[in-house]
Each structure stands twice: as structure tokens, then as C-alpha cells.
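# Structural description and commentary
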Amino acid sequence: MALFRITTARLQESQKIVPQLSVVLRQLSDASTDLKAVLAAKIPKEQERVKNFRKSHGATKVGEVTVDMMYGGMRGIKGLVWEPSVLDADEGIRFRGLSIPECQKVLPKAPGGNEPIPEGLFWLLITGDVPTDAQAKAISKEWAERAELPPHVVTLLNTLPSNVHPMSQLSAAITVLNSESKFAKAYASGVHKSKYWEYVYEDSMDLIARLPVVAATVYRNTYRDGSGIGAIDTSKDWSYNFTQMLGYDDPKFIELMRLYLTIHSDHEGGNVSAHTTHLVGSALSDPYLSFAAGLNGLAGPLHGLANQEVLLWIQKLRQQVGDKYTEEQLKEFIWKTLKSGQVVPGYGHAVLRKTDPRYTCQREFALKHLPEDPLFKLVSDIYKVVPPILLELGKVKNPWPNVDAHSGVLLQYYGLKEMNYYTVLFGVSRALGVLAALVWDRALGLPIERPKSLSTDILMKSLKA
């Protein structure tokens, strides 16, 4: 009888514990989809790891600087910490250690989709962890809820003349959005520097959420009738809502945008848009001002404008040779381009020495969805003849295609033919990487960037040249 009473008591006690345990488990599950909470748990560990590393190796030299590096745009100088991605000359980009094919395999996808959604990549870039479907979906919902633009930004966009370049419109709107900066307000109120990252995180999440709305408004005002972009569906992913706001609803084009916005997101820290965002952010300019500066760099023809130049060159080639060309005709046009002092756009890269994996995954998409498209066939045939010619030329370190060699053709196929807008799409994507890095810049307490410069006279004198 005593044993029965004890067992009953324990059963009653367990019945009280089970609901409590259920609540705890549910809270833990909920917390796991909170990106900021996950990040807050990681930052102290990483701060300590970096602190110990610097203590042990702070005076260790990394690489050597040559005169050619100094005159050649600091090409190849190892002098910048960038957490989200690393670019390998042979392997291409790795996002937190994962190649593009690996990301395509393991990152969450939209229901019924085959391409990774950018929300999952952002979680990976900022935490280093592959997210669950629930975690990626939580980011989709949060970005949808943060997406509303303040009235004065809407007014600005709607009053800009349509002949203002889309990148200028995007940059202007992002600059004006800094009126909403939580970091700027916190800094002005005297917040402790250990909290900087939290407000940079909040601004970054708000900015990424608002970017598609700004970009879609620019598109509608510039190339359509200026009609509204419609409501955002909080149950859908970021790329879906962006594509719908642009006015496109082809499921395959939405899949392309998921892929496009993922693979253009980051390319380590030395490229112009990434480095500019980091540099301006190092002055403690808020994320809106920092990213707007990065966008202005991205707008240049040697950076984000390159895919437009590729498409113009391909269209010029097609006009000359038609769709029933021979390989000899392609070679003749390419040699003519090179002998006129121009480059073959879309080929070569400052770092890569193999075919850009971002080109390859776009090619695979095209082979699957538009194998008979004349422009795609032309791009494929150019791929066969250009590298041997560049190798024969003997002056090109990398004769292989880069990401820009393919993206314009895909966008054209699905009806987005306005080439001046392509860099805006690039900018929306690039925000993921540069803003993830900016959060870590503040979390690690990186100082204002201030490299030493020398005049030619001083440099010659120091080398006794």
C-alpha cells in the first residue's frame, strides 16, 4: 500500500513536470528560429576566440606587399578580415566553407522549389550554421513584416524623374532611409560600444527587408506605369515577394531569382562594393549610409555593371553573325574585339583561375529550363571558343567565364529586358553578404580603417630606386 502511494505520488509529480517540460522545449524550439538570439549566443565566443588569437599572433606577418600591388589597386594584399565568405582561385567562392553546389544541396528551399532561398544563405553567412527550414522560414516572415517604407521615402521615389539611373534612385532611397537608423539613434544616445552590433543588426534586417520594396518601386516607376507594387505576402519567401512586386509571376523566373539573389550575395571582402561598405561602416556610419556607398561602387562598369556590358556585346555579336553562325565567324568576331583594344566581356577575374562556379550553376539552370533559347546557345558556343583564344593570346591569367557572362541572358529570357536595371538586382543580393559582415565588424570591435599611403617619391627613396 505504501509502495502504491509512492508510485501514485511520483506519477502525479511527473504529470506536473511533463507540461512544464513541454513549455521549456517549445520555448527552446521557438528560440532556435530567432536569428538575433542565435547570433547573441555566438558573438561572445567568437570575440574570445579572436582576442586569444590576436594575443598569440598579433605580431605575426601575413604575406608581403610588392610595388606592383601598391600601384595595381592593392591587388592580392592580405589586409582585411571578412567572415561570411572566402574566394579561392581554383574552387571559387565558399560561403562559410560551403561551395555553391554544396549550398544548393543543403540550404532550405521554398515549397516545391529546387533552388536555395536567400534567407537560408543569410542565416549561414551571419552565423556560420546551415539553417533549418523553420529558421529560414522565420527570416522570410520577419523580413516581410519589416518591409514597409516610411512615407518620405515613397515620396522621394515617386518624384524622381524616370531618366535618373535606377542605381542612382536605389542609392538615394537607401541614403534617405538612414532617417530610420536604430544604430544612429542609439549612438547619439551614448550606447556602450559592446551593444553596437545589436543596433547594426536591427538596421541590417530592416534594410534587407525594405530593399525589394525600394527596388521594385524603382522598376515600376522607371519602366512601367508607376502603379503600386501590391501587398507583401508574409507566408511567402523574400524572392517570391520581390518577383511579384516587379510584376512577374512565372514560377521558373521566381526560381531563377532565388538562385540569382543567392549566388550574387557575397564574394569575400576585397571587391569594391564589399570593401566600400566595410570602409564606410568602420567610421561608424550607419548601415544605410554604408550600404549606399557600396551601391555607388557597385554601379561602376568594372564591377556590377559588367553583366550589362556582356549582354550588349553578345547582342552585337548576334546581329553580325545571326543565329546560323559558324565557329569561324565567332572566332573572327572575338579576335576583332581583342585587336581593337577591347576585352571580351564576361571573361577573366581578378582572383579566379577556373570557370566561375556562379557561371556554372546558371548554365545548369539554363540547360534545364531554356536549352533551346538562341541567346543561351550563343553563350554556350562562346564558352567553347573564347578560352582557347585568350590562352593563345598569352596575356590573360584567367581565360574562363565569370558570373556576368551568363546572368543577363537568363533575365532576358524571362522578359526582364531592361539592362540598366540589372545592377539593381545585383545590389539587392549583395546586401546579404556585406551587411552580415558589417554586423560582425561591430561585434568584433574592428576600428576605423586607415591604411598607410606613400607618394611615388617616398616609395622610390625607401627602395633606393
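Remember, it's a predicted structure, so these values are computed and weren't measured experimentally.

Thresholds, definitions, all that
- Residues numbered from 1 in each chain as written.
- Predicted model: local features only at pLDDT ≥ 70, side-chain atom pairs only at ≥ 80, totals over all residues.
- Heavy atoms only, no water.
- Helix = DSSP H or I, 4+ residues; strand = E, 2+ residues; numbered from the N terminus.
- Rg over C-alpha atoms; globule rule 2.2 N^0.38 Å.
- Buried < 20%, exposed > 50% of the residue type's maximum accessible area, 1.4 Å probe, protein only.
- Contact = heavy atoms within 4.5 Å.
- Areas by Shrake-Rupley, 256 points an atom, 1.4 Å probe, with all protein chains shown as cover.
- UniProt positions renumbered as here; feature names shortened; annotations may be inferred.
- Expected span 1.5 Å × (residues − 1).
- Bend = angle between axes of the 7 residues up to and from the residue.
- Axes fitted to C-alpha atoms, helices over the stretch in contact; angles between N-to-C directions.
- Left-handed = near helix turned anticlockwise from the far one by under 90°.
- Nonpolar A, V, L, I, M, F, W, Y, C, P; charged D, E, K, R; others polar.
- Domains from an automatic or database assignment.
- Buried area = accessible area lost by both parts, 1.4 Å probe.
- Salt bridge = Lys/Arg side-chain N within 4 Å of Asp/Glu carboxyl O.
- Polar contact = N/O pair within 3.5 Å; in protein donor to acceptor, adjacent residues only side chain to side chain.
- Core = buried A, V, L, I, M, F, W, Y, C linked by side-chain atoms within 4.5 Å.
- Phe/Tyr/Trp six-rings, centres within 6.5 Å; stacked < 30°, edge-to-face > 60°.
- Parallel < 35°, antiparallel > 145°, perpendicular 65-115°, else oblique.

Within the protein, the regular secondary structure consists of 21 helices and two strands. For a compact globule of 465 residues, the expected C-alpha radius of gyration is about 23 Å, and the protein comes in at 25 Å, within 12% of that figure. Seen along its three principal axes, the alpha-carbon backbone of the protein occupies a region of about 100 × 60 × 50 Å. In the protein, buried positions account for 47% of the 465 residues. Put simply, of all contacts in the protein between residues at least 6 apart along the chain, 77% involve residues at least 24 apart. For the protein, the accessible surface area stands at approximately 23100 Å², while carbon and sulfur atoms represent 56% of it.

Under the local residue numbering, the UniProt record ascribes the feature "active site" (unreviewed entry) to His303, His349 and Asp404. Of the residues just listed, which span 102 residues, no C-alpha pair is farther apart than 10.8 Å, and they cluster in one region. Topologically, His303 is positioned in the loop between helix H14 (287-298) and helix H15 (306-321). On the accessibility criterion, His303 (13% relative accessible area) is buried. Every residue in contact with His303, bar those within four places of it in the chain, is listed here: Asn271, Val272, Ser273, Gly297, Leu298, Asp404 and Arg430. The residue Asp404 is located in helix H19 (residues 404-413) in this model. Ignoring anything within four residues of it in the chain, the contact list for Asp404 reads His303, Ala306, Asn307 and Val310.

Our next topic: helix H18 (residues 374-393). Here H18 is 20 residues long and its end C-alpha atoms lie 28 Å apart, about the 28 Å a rise of 1.5 Å per residue gives. The largest bend along H18 reaches roughly 30 degrees and is located at Tyr383, with the proline Pro387 sitting one to four residues downstream. Within H18 the residues assigned to the buried category are Leu375, Phe376, Leu378, Val379, Ser380, Ile382, Val385, Val386, Pro387, Ile389 and Leu390. On its buried face, H18 sits against H15, helix H16 (327-339), helix H17 (357-369) and H19. Positive phi appears at Gly394, one or two residues downstream of H18, with a value of about 80 degrees.

One non-glycine residue, Glu268, adopts positive backbone phi at about 55 degrees. The topology assignment puts Glu268 in the loop between helix H12 (251-263) and helix H13 (272-282). For Leu284, which is not glycine, the phi torsion reads 65 degrees and is therefore positive. Checked against the element boundaries, Leu284 lands in the loop between H13 and H14. The class for Leu284 is partly exposed, based on a relative accessible area of 28%.

Any two packed helices are characterised by the angle at which their axes cross and by the distance between the axes. Relative orientation of the contacting elements helix H2 (residues 35-57) and helix H10 (residues 196-223) amounts to 150 degrees, with a least axis distance of 12 Å. Helix-helix and strand crossings are classified by hand; for H2 and H10 the assignment is right-handed. Of the residues in H10, those in contact with Leu35, Lys36, Leu39, Ala40 and Ile43 of H2 are Trp197, Glu198, Tyr201, Glu202 and Met205. Considering only residue class, the contact of H2 with H10 consists of seven nonpolar, no polar and three charged.

Let's shift gears to the domain arrangement of the protein. The parts lose accessible area when they come together, and the size of an interface is often stated as this lost area. In terms of domains, the protein is made up of domain 1 (139-303 + 418-444) and domain 2 (305-414). Taking the mean C-alpha position of each, domain 1 and domain 2 sit 29 Å from one another. Carbon and sulfur atoms supply 66% of the area that domain 1 and domain 2 bury against each other, a total of about 2000 Å² over both sides. A per-residue breakdown of the area domain 1 buries against domain 2 is headed by Leu256, Met419 and Tyr422, which together make up 30% of the total. Between the two partners, domain 1 and domain 2, sit zero salt bridges. The tally of links between domain 1 and domain 2 comes to six residue pairs in polar contact (both at pLDDT 80 or more). Within the residue set of the side of domain 1 that touches domain 2, elements represented by two or more residues are H12 and helix H20 (422-443).

Further remarks concern the nonpolar core. Where a protein is soluble and globular, its nonpolar side chains tend to be buried together. Formed by 119 residues in total, the largest nonpolar core has its most connected members in Ile174, Phe242 and Tyr421. Excluding its chain neighbours within four sequence positions, the residues that come into contact with Tyr421 are Pro166, Ala215, Ala216, Val218, Tyr219, Tyr223, Phe242, Leu246 and Leu416.

This part covers the environment of Trp313. By the secondary structure assignment, Trp313 is in helix H15. A relative accessible area of 10% means that Trp313 is categorised as buried. Put simply, Trp313 and Thr337 are 24 residues apart on the chain and 9.5 Å apart in space, counted from C-alpha to C-alpha. The contact partners of Trp313, leaving out residues within four places of it in the chain, are Phe333, Ile334, Thr337, Val344, Pro345 and Ile382.

The final tally for this structure, using the stated rule, is 14 aromatic pairs. An angle of 50 degrees between the planes, with centres 5.9 Å apart, marks the rings of Tyr187 and Tyr196 as tilted. Judged by relative accessible area, Tyr187 falls into the partly exposed class, the value being 44%. Classification of Tyr196 as buried rests on a relative accessible area of 13%.

Further remarks concern the packing of helix H8 (residues 166-176) against H14. Between H8 and H14, the least distance of the axes is 8 Å, while the angle of their chain directions is 170 degrees. With respect to H14, the axis of H8 lies roughly antiparallel. The residues of H14 that touch H8, namely those facing Met167, Leu170, Ser171, Ile174 and Thr175, are Tyr288, Leu289, Phe291, Ala292, Leu295, Asn296 and Leu298. Looking at the contact of H8 with H14 residue by residue, the class counts come to nine nonpolar, three polar and no charged.

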